[in-house]
Protein chains: 2
Amino acid sequence: MDEPRVADVDDTDHRLLALLREDGRRTFSDMAPRLGLSVAAVKRRVDRLRETGVITGFTVQVDATRLGWGVEAFTEVRYAGSTPVGDIVSTASTVPEVQAVYTIAGDPDALVQVRARDLADLQRVIDRLRRAGTITGTKTLMVLGRWTRA
Amino acid sequence: MDEPRVADVDDTDHRLLALLREDGRRTFSDMAPRLGLSVAAVKRRVDRLRETGVITGFTVQVDATRLGWGVEAFTEVRYAGSTPVGDIVSTASTVPEVQAVYTIAGDPDALVQVRARDLADLQRVIDRLRRAGTITGTKTLMVLGRWTRA
DNA sequence: CCTGAAAAGCTTAGGCC
DNA sequence: GGCCTAAGCTTTTCAGG
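Report on the accompanying structure. All of these numbers come straight from a predicted model, not from anything done at the bench.

1. Observations regarding the interface of chain A and chain B
Facing 63 residues of chain A, the contacting portion of chain B comprises 63 residues. Where chain A abuts chain B, roughly 5400 Å² becomes buried across the two surfaces, and 54% of that area is made up of carbon and sulfur atoms. Broken down residue by residue, the surface that chain A buries against chain B is led by Arg 25, Arg 66 and Trp 147 of chain A, which jointly contribute 16%. At the junction of chain A and chain B, the tally comes to 2 salt bridges. Where Lys 139 of chain A meets Asp 107 of chain B, a salt bridge forms, and the shortest distance between an N and an O atom there is 3.8 Å.

Structure representation (structure tokens):
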């Protein structure tokens, strides 16, 4: 558990990660010629990047709108100083609509990313968040549009 | 281009997507028995989910901290009413540290997610954002901790 | 229209240099 | 890092419901 915070990652590793960010299902034999390496060398690098914790996993990217989850929002949460940080996270993470919880230095205390079916659903989620711990206030930012890298 | 906003996705599709969210490199033959389908049926479903735009792609998940990008923040941006929405997005997206730009209804006008090497780097990014369009103010929320679904 | 089964070709895993 | 081989996976094709 005493691993270095920053792993040794050379330029080839960065190019490899860029290829996998573009398409996480690329095969080793697809990447090998692009990187100027043998197929086995690519596999060894990917294995090493997983072992050193640089690569934490692979996932599918889904268009939530096409699944009927068309409402996106960020809710800023402020709570009493006595509330442990973990409380808001553990409560929020049980709500399926909550995608991410960021604990923040200063004001607000946390930022909660939400994906909801509709506005009534969003309302329900916010109500639920307000019941967690000793929350003193929330402010919800409705997302109109988004641009995401890659 | 006149596709339905919400695609037909049955329960098996949802279970399939859950498996791929867990591990985007799962093989069809790994998923087939878990879904109670043949290998070919799984492939056909994945192909269909891509064609209908439900699956937009596959990607690798990387621990930015281990790559030396240890600072994460959200910057709220407020700008003059005359500034077109696209301006802030097109400017911000040219900054490599900017991970995502969310345009917001109300106040603030946008929320910019940033990954920076250190605080000096973050400062540079915020300065750059402030020079974009006619920005009237920014407020940066420093991320102390994060919880993300999956 | 949907599904499942089989075969060729390709990819991966692991040992070796 | 490269090369090799066995095992496993993907893709296509074909037949059935």
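Following the structure, the description resumes.
2. Notes on the relation of the copies chain A and chain B
Mapping one chain copy onto the other needs a rotation about an axis and a shift along that axis. Its rotation angle being 180 degrees, the transformation that places chain A on chain B also includes 0.0 Å of axial translation and leaves an RMSD of 0.1 Å. Here the symmetry operator amounts to a two-fold rotation axis. Residue by residue, 100% of the interface of chain A is reproduced at the interface of chain B, so both copies engage with the same surface.

3. Remarks on the sheet that holds strand β4 (residues 110–116) of chain B
The 8 strands lie next to each other as β2(A)-β4(A)-β3(A)-β5(B)-β2(B)-β4(B)-β3(B)-β5(A), forming a closed barrel whose pairing is antiparallel. Neighbour-to-neighbour, the strand axes of this sheet turn through a mean angle of 35 degrees, independent of strand direction. Packing of helix α5 (residues 119–130) of chain A onto the sheet brings it into contact with β2 (71–79), β3 (98–105), β4 (110–116) and β5 (135–148) of chain A, and relative to β5 of chain A it is tilted by some 140 degrees.

Cut-offs and rules
- Residue indices begin from 1 for each chain and proceed along its sequence in written order.
- Chains and ligands are labelled by the order in which they are written, letters from A for the one and numbers from 1 for the other.
- Only residues with pLDDT of 70 or above have their local features reported here, since the model is predicted, and side-chain atom pairs are shown and tallied only from 80 upward, although totals for entire chains, interfaces and linings are computed over all residues.
- Hydrogen atoms and water are omitted, and side-chain values are computed over all heavy atoms in the structure.
- Should any heavy atoms of two residues lie within 4.5 Å, those residues are considered in contact.
- We define buried area as the total accessible area lost by two parts upon association, computed with a 1.4 Å probe and summed across both.
- Should a side-chain nitrogen of Lys or Arg be within 4 Å of a carboxyl oxygen of Asp or Glu, the pair is scored as a salt bridge.
- All copies are superposed by least squares; the fitting set is the C-alpha atoms of residues with a pLDDT of at least 70 in both.
- For two strands to pair, DSSP has to find at least two bridges joining them.
- Elements are defined by DSSP. Helices are runs of H or I of four residues or more, strands are runs of E of two residues or more, and each kind is numbered from the N terminus.
- Axis lines are fitted to C-alpha atoms, over the contacting stretch for helices. Their N-to-C directions set the angle, which ranges from 0 to 180 degrees.

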